[in-house]
Amino acid sequence: MIRLFDFVDNIRLRKKNIYFQYSEDEQFTGEYWRDGKKIFSKLVRHDANGSANINTDVDTGLSSSDVDEIWIDYQNSFVYFNADGCSGSLLTISRSGWYGIHSYLINLTSSGNIKLNIQSNSNTAVNRCYIALKYTKK
């Protein structure tokens, strides 16, 4: 006979076994996409060393031949600005326009490595940014 408490304890144990740590290495998030595929995550780090007016492509280490769906997880991405060691979200809008950095994914359909294009304007000095990616595999 299965008691309700056994069922609840079993669910609780399975939930505890899902351990997630943000990393520059690929990691299963414990989540599944709408088609049932596992969702993986990894951080892409870019060191800008106090530079402003950035426009660069950064290799994600992921191949378009292996990745099915991919998106930027903005909630878990951030930038360290040069001003007083503060950090913030990737894209910030003020009355005078945008500042911070923004990024988008490129080379999603052709074969080869998927890249992130990272840009900042001339008003924003950037030390380092971490961009979180989530994706499913083919």
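You'll find the structure just up there.
Cut-offs used in this document
- Residue numbering note: each chain is counted from 1, following its sequence as written.
- Confidence filtering applies because this is a predicted model: local features only for residues at pLDDT of at least 70, side-chain atom pairs given and counted only at 80 or more, and all residues used for totals across whole chains, interfaces and linings.
- Only hydrogens and water are set aside when side-chain values are computed; all heavy atoms of the structure are taken into account.
- A carboxyl oxygen of Asp or Glu within 4 Å of a side-chain nitrogen of Lys or Arg is what we treat as a salt bridge.
- Helix numbers and strand numbers start at the N terminus; a helix is a DSSP run of H or I with at least 4 residues, a strand a run of E with at least 2.
- To sort residues, take the accessible area from a 1.4 Å probe on protein chains only and compare it with the maximum for the residue type: under 20% means buried, over 50% means exposed, and anything in between is partly exposed.
- Buried Ala, Val, Leu, Ile, Met, Phe, Trp, Tyr and Cys residues that are joined via side-chain atoms within 4.5 Å together make up what is termed a nonpolar core.
- Whether two residues are in contact is decided by their heavy atoms, any of which lying within 4.5 Å being enough.
- Only four residue types enter the tally: Lys and Arg on the positive side, Asp and Glu on the negative side, with His and both chain ends excluded.

Colleague: What should I look at first to understand the pattern of salt bridges in this one?
Modeller: If charged atoms from side chains of opposite charge come close, those side chains can pair. As enumerated under the stated definition, the model contains five salt bridges in all. Between K37 and D68 there is a salt bridge; the shortest N-O distance is 2.8 Å. You can see K37 sitting in the loop between β1 (27-32) and β2 (38-51) and its partner D68 sitting in strand β4 (residues 67-72), a full 31 residues away along the chain. We classify K37 as partly exposed; its relative accessible area is 28%. By relative accessible area, which is 33% here, D68 ends up partly exposed. Residue R45 is joined to D47 by a salt bridge in which the shortest nitrogen-to-oxygen separation is 3.2 Å. A relative accessible area of 33% places R45 in the partly exposed class. Through salt bridges with shared partners, a single ionic network connects R45, D47 and R128.

Colleague: How do you make sense of the nonpolar core when you look at a structure like this?
Modeller: Nonpolar side chains in soluble globular proteins tend to end up buried together. Ranked by internal contacts, the top residues of the largest apolar core, which has 21 residues, are L62, I70, L105, L116, I131 and L133. Breaking this core down by element, the ones donating at least two residues are β2, β3 (55-63), β4, β5 (78-81), β9 (113-120) and β10 (126-137). Broken down by element, this core gets its largest block of residues, five residues, from β10. The residues contacting L116, other than those within four sequence positions of it, are V44, T56, D57, V58, T60, I72, S103, Y104, L105, I131 and L133.

Colleague: So what exactly am I meant to see when it comes to the side chain of D73 here?
Modeller: The residue D73 is located in the loop between β4 and β5 in this model. K134 is the oppositely charged side chain nearest to the buried, salt-bridge-free D73, at an N-O distance of 4.0 Å. Those residues in contact with D73, other than ones at most four positions away along the chain, are A132 and K134.

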